[in-house]
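Structural overview for review
Chain by chain, the residues run as shown.
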Amino acid sequence: MIWMPESIITKFYQSLAKGKIYGMRCRKCGYIAFPPKLGCAKCGQHQMEWKEMSGDGKLLFFSSGNLPPMKFAKYHPYAYGGIELKEGPVFYTLIEGLDVSSPEAIEKQNMKMPMKVKAKVKKMADMNIVVFKLA
Ligand SMILES: [Zn+2]
C-alpha cells in the first residue's frame, strides 16, 4: 500500500460516493494514475492534478474470486480481472456480467478478450468500489 495524505483518499472516496471516478494526471508529462497517486510513475514528478476518468476500458483477462476476502464472501462467486483504462493504467477489480459458474465458462470467455467494459461505482461491504460491467 502506497502512503498517501488523508486528503487525497478522502476526496477520492467522497467523489465515489457521488458516482464520480477520479484519477490523477501528471502536470509535466500527462501520465494518468489510477487509483490516484501522489507521484508520477513515468517521470517521477510530484505535480499531480485531479482528472475525472471516462470509465471506458478494455477487460484483458479475468478469473473468479475463489478465495474472497471475508468482507466480500457474500458476493462470491464473482469475476475479478485486469482492465486497461482508456487513459492508460491497468486496474484490477470486480467485473459484472460474466459467467463464473465453471472453469470452462471462464476459459471460454477469456478467449474473447479484450472486451469493452464501463466503470461504475457500487456499494459493497459498506464501501464505494469502482467495478466494471460489460459494455
Ligand atoms: Zn509525469
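Residues numbered from 1 in each chain as written. Predicted model: local features only at pLDDT ≥ 70, side-chain atom pairs only at ≥ 80, totals over all residues.

Side note on the overall build of the chain
The following threshold applies: Labels follow the DSSP assignment, with helices taken as runs of H or I lasting at least four residues and strands as runs of E lasting at least two, numbered in each case from the N terminus. Computation of the radius of gyration draws on C-alpha atoms, with the globule rule given as 2.2 Å multiplied by the number of residues to the power 0.38. Working definition of burial: number of other C-beta atoms within 10 Å of the residue's own, with buried at 20 or more, exposed at 12 or fewer, and partly exposed in between, all C-beta atoms being placed from the backbone. Contact definition: two residues whose C-beta atoms, as placed from backbone geometry, lie within 7 Å.
Along the backbone of the chain there are 2 helices and 8 strands. When the helices and strands of the chain are read in sequence order from the N terminus, they spell out α-β-β-β-β-β-β-α-β-β. Whereas a compact globule of 135 residues would reach a radius of gyration of roughly 14 Å, the chain reaches 16 Å, a difference of no more than 12%. Taking the principal axes of its C-alpha atoms as reference, the chain extends roughly 45 × 30 × 25 Å. The buried share of the chain, reckoned over its 135 residues, is 21%. Considering only contacts in the chain between residues 6 or more positions apart, those separated by 24 or more positions represent 49%.

Brief notes about the domain arrangement of the chain
Stated formally: The split into domains, and so the bounds of each, comes from an automatic or database assignment of domains.
Domain annotation for the chain reports domain 1 (6-52) and domain 2 (56-134). Computed over C-alpha atoms, the centres of domain 1 and domain 2 are 22 Å apart. With 9 residues of domain 1 at the contact, the number on the domain 2 side is 9 residues. Listed by contribution, the elements that provide at least two residues to the side of domain 1 that touches domain 2 are α1 (6-17) and β2 (32-33). At 3 residues, α1 tops the list of elements feeding residues into the side of domain 1 that touches domain 2.

Describing the pairing of strand β8 (residues 127-134)
To be explicit about the condition: Here, a strand pair is defined by DSSP locating no fewer than two bridges between the strands.
Judged from the 2 bridges that link them, strand β6 (residues 90-96) and β8 form a sheet pairing that is parallel. Within β8, the residue paired with I95 across the bridge is F132. Pairing analysis gives 8 bridges linking strand β7 (residues 115-124) to β8, with the strands arranged antiparallel. Residue pairing across strands places K120 opposite V131, the latter belonging to β8. Adjacent in sequence and paired antiparallel, β7 and β8 are bridged by 2 residues, among which A125 carries a positive phi angle near 50°.

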